Amino acid sequence: MQQRRIGDLTVSAIGLGAMPLSTKEDRPAPDEAHAVVHAALDAGVTLIDTADAYALDESEFGHNEELVAAALASYGGDTSSVLVATKGGHTRRGTDWELDGSPGYLRTACEASLRRLGVDAIGLYQYHRPDPATPWEESMGALRQLVDDGLVQRAGISNADVAQIDVARSIVGPALVSVQNQFSPGWRSSAGELAHCAGHGLAFIPWSPFGGVSSAGSLGSAAPAFARVADELGVSVYRVTLAWHLAQADVVVPIPGASRAASIQDSAAATGVELTPEQLARLDAA
């Protein structure tokens, strides 16, 4: 497994996006979900991404964090090198997704995540999404305060543009280590943010690297250039897609979602895929 940097930590170049284990209507049973996390760990994955809002609805808020914590606790091997990255700032009203980036809410959300994850300090805490009702500077000040108070070891932001990244850098300081934005073969509008992160040494964590839960199954037809390269190399289109992500910059750490052990095992193997310059050029131009 290749390694990449997130702040002062070295993590696997491919992480696990745990969201599908909680938000899908046909999500796996708890023991099956734990098996997915265990398969990721067995494959060398040391970054697991979760969030307090990853649940079917408001009534089970925090479901994914609790699931990840239980899966790690039941794993037979050493998990001391695993970085659990969670997020706060999204709320749920019934099944709807809403936002609250106010300092008071972020403090309460972080404290609840600490309890669910069973840790004294969160390894990487990410502000989930800008809240139009709260000035960005206030939310970043709250994030900085969580670091200063020892509740959070490293901070990240999600769904942010270049200007917001720079404001976050100025307020949060060196504790800001990552940006998590959507990026995939069919969604490249965050290319500017990716390049900006590379220029400033921030990890760029692409969410939905296959295009999202509803689109991942049709990735081959939606991205035919990637399917052709996969055929040339004799590997899955998912491995090729993740190899393309990794080739964008050495700060990129994709977090493919998985609800089956076989899926994360295949994704983890993407670090062994070598794209030729000609193949990479075709994918970049696709």
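For the structure, check the block above.
A quick note: this is a predicted structure, and the numbers were derived from the prediction, not measured.

Draft legend 1. Up close: the environment of Leu143. Its location among the elements puts Leu143 in helix H5 (residues 136-148). Non-local contacts of Leu143, meaning those with residues more than four positions away in its chain, are made with Tyr125, Tyr127, Ala155, Gly156, Ile157 and Val172.

Draft legend 2. Structural detail: helix H6 (residues 162-172). Buried residues of H6: Gln164, Ile165, Ala168 and Val172, and no others. Within H6, the buried residues cover an arc of 105° as seen down the axis, which keeps them to one side. Counted as exposed and oriented over 90 degrees from the buried face of H6: Ala163 and Ser170. If you follow the buried residues of H6, they end up packed against H5, strand S9 (155-158), strand S10 (176-182) and helix H7 (191-200). In this structure Asp161 caps H6, since a side-chain oxygen of it lies 3.2 Å from the backbone nitrogen of Ala163. At the exit of H6 stands Gly173, carrying a positive phi of roughly 75°.

Draft legend 3. Representation of the pairing of strand S6 (residues 90-93) within the structure. As paired strands, S6 and strand S7 (residues 96-99) are joined by 4 bridges and run antiparallel to one another. Residue Arg92 lies in a different strand from S7, and its bridge partner there is Trp97. Linking S6 back to S7 in an antiparallel pair, the connection comprises 2 residues, with Gly94 at a positive phi of about 65°.

Draft legend 4. Looking closely at the packing of helix H3 (residues 63-74) against helix H4 (residues 103-117). Here H3 crosses H4 at 30°, and the two axes come no closer than 8 Å. Compared by their axis directions, H3 and H4 come out roughly parallel. In this structure, the crossing between H3 and H4 has a hand that is right-handed. Across from Glu65, Glu66 and Ala69 in H3, the residues of H4 making contact are Ser113, Arg116 and Leu117. Each residue belonging to the contact of H3 with H4 can be placed in one class, and the counts come to 2 nonpolar, 1 polar and 3 charged.

Draft legend 5. Seen up close, the nonpolar core. Residues Ile48 and Ile157 are the most contacted members of the largest nonpolar core, which totals 76 residues. Residues in contact with Ile48, not counting those within four places in the same chain, are Leu16, Ala18, Val37, Leu41, Val68, Leu72, Val82, Leu83, Val84 and Ala85. Core analysis: the next-biggest nonpolar cluster, separate from the first, contains 11 residues, Leu47, Leu83, Ile205 and Val253 among them.

Draft legend 6. Just the sheet that holds strand S11 (residues 203-207), in detail. Spatially, 7 strands are ordered S3-S4-S5-S8-S9-S10-S11 in an open sheet, and the strand pairing comes out parallel. Each edge of the open sheet carries a strand with a single partner, namely strand S3 (16-17) and S11.

Draft legend 7. Main features of the packing of helix H2 (residues 30-42) against helix H11 (residues 261-268). It is the contact of H2 with H11, at a shortest axis distance of 8 Å, that shows an interaxial angle of 20°. As summarised for this structure, H2 and H11 are arranged roughly parallel, according to the angle between their axes. Crossing of H2 over H11 shows right-handed handedness. Where H2 abuts H11, its residues Ala35, Val36, Ala39 and Ala40 lie against Ala261, Ile264 and Gln265.

Definitions and limits used
- Residues numbered from 1 in each chain as written.
- Predicted model: local features only at pLDDT ≥ 70, side-chain atom pairs only at ≥ 80, totals over all residues.
- Heavy atoms only, no water.
- Helix = DSSP H or I, 4+ residues; strand = E, 2+ residues; numbered from the N terminus.
- Contact = heavy atoms within 4.5 Å.
- Buried < 20%, exposed > 50% of the residue type's maximum accessible area, 1.4 Å probe, protein only.
- Arc of directions from axis to C-beta.
- Polar contact = N/O pair within 3.5 Å; in protein donor to acceptor, adjacent residues only side chain to side chain.
- Pairing = 2+ DSSP bridges.
- Axes fitted to C-alpha atoms, helices over the stretch in contact; angles between N-to-C directions.
- Parallel < 35°, antiparallel > 145°, perpendicular 65-115°, else oblique.
- Left-handed = near helix turned anticlockwise from the far one by under 90°.
- Nonpolar A, V, L, I, M, F, W, Y, C, P; charged D, E, K, R; others polar.
- Core = buried A, V, L, I, M, F, W, Y, C linked by side-chain atoms within 4.5 Å.

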